[in-house]
Amino acid sequence: MRAGVIVFPGSNCDRDLAEGFKAAGADVTMVWHKDTALPSGLDIVGIPGGFSFGDYLRCGAIAAQSPISKAVVDFAEKGGHVLGICNGFQVLCETGLLPGVLMRNAGLRFVCRQERLEVATENSAFTGRYKLDEEITIPIAHHDGNFSADADLVAQLEAEDRVAFRYLDNPNGSAGDIAGILSENRRVLGLMPHPERAVSDAQGNSDGMRVFTSLTEALVAA
């Protein structure tokens, strides 16, 4: 598996994401936001957490206009796999690759803690190693993680089995307790919790590692 990790000014989880991919056996290339094209032969693009462009204007909005973001959109529209975590989820929504918007947490506070999640689908390249309804623990660290969508969009995501993970103790007010969603073709995942911070026992648990091993297995089998 070949992975590219996008780096924006203000990204601070890019190395962690690269290490998550590497732990699953991926060959990783770091890609600067001013590049206009992705490296050839990529299987997956990762957009990391952090504070791209200082979260000015609106979280992810400026990053979505970076030269590399057009290449990521083209990659996704041609069937490539994309994983956006935390700020990466915000960027994916701002590019239009995922629906909805990430707003300020309902409590208006930055939240950083271990969070219990429920696996909402097994049917994706990102969740194949999990069991449906399994409870896992993944860290969160965000100020604008409130997934906002109207009732019709939430119902559509539920009906199409596009909710990937749900919060068991909703920390931010997200509609439908949604922690992560899939694109229509199920090849793009936006996720607020940080699986790359839970890939080994040295980090406290390894529940996030299966996001990366699921991808490896799915892409090798493809």
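Our structure is the block above this text.
Rules used in this analysis
Residues numbered from 1 in each chain as written. Predicted model: local features only at pLDDT ≥ 70, side-chain atom pairs only at ≥ 80, totals over all residues. Heavy atoms only, no water. Buried < 20%, exposed > 50% of the residue type's maximum accessible area, 1.4 Å probe, protein only. Helix = DSSP H or I, 4+ residues; strand = E, 2+ residues; numbered from the N terminus. Arc of directions from axis to C-beta. Contact = heavy atoms within 4.5 Å. 1 Å grid on protein atoms, 1.4 Å probe; cavity = no way out; pocket = protein on both sides within 12 Å on 5 of 7 lines; lining within 4 Å. Points joined across faces, edges and corners; volume = space filled by probe spheres on them. Nonpolar A, V, L, I, M, F, W, Y, C, P; charged D, E, K, R; others polar.

Draft legend 1. The arrangement of helix α4 (residues 151-159) in detail. By the burial criterion, the buried members of α4 are Leu153, Val154 and Leu157. The buried residues of α4 all sit within an arc of 100° when viewed along its axis, so they share a single face. Those residues of α4 that are exposed and angled more than 90 degrees off the buried face are Ala151, Asp152 and Ala159. Contacts from the buried residues of α4 go to β8 (146-148), β9 (163-167) and β10 (178-182).

Draft legend 2. Fine view of the layout of surface pockets. A volume near 310 Å³ is recorded for the largest pocket. Residue lining of the largest pocket: 22 residues in total, with Asp55, Cys59, Gln90, His143 and Asp144 positioned closest to the centre. Looking at the lining of the largest pocket, the elements that each hand over two or more residues are α3 (87-95), β5 (101-103) and β7 (135-142). Roughly 150 Å³ of volume is contained in the second largest pocket. Taken together, the residues of the lining of the second largest pocket break down into four nonpolar, three polar and three charged.

Draft legend 3. Geometry of helix α1 (residues 14-23). Along α1, the positions that sit buried rather than exposed are Asp14, Leu17, Ala18, Gly20 and Phe21. Mapping the buried residues of α1 onto a view down its axis gives an arc of 155°, with all of them on the same face. Those residues of α1 that are exposed and aimed more than 90 degrees away from the buried face are Arg15 and Ala23. Buried residues belonging to α1 abut β1 (2-7), β2 (27-32), β3 (44-47), β4 (81-85) and α5 (209-221).

Draft legend 4. Main features of the side chain of His81. Position of His81 among the secondary structure elements: in strand β4. By relative accessible area, His81 is classed as buried at 9%. Residues in contact with His81, not counting those within four places in the same chain, are Asp43, Ile44, Val45, Phe75, Ala125, Phe126, Arg187 and Leu219.

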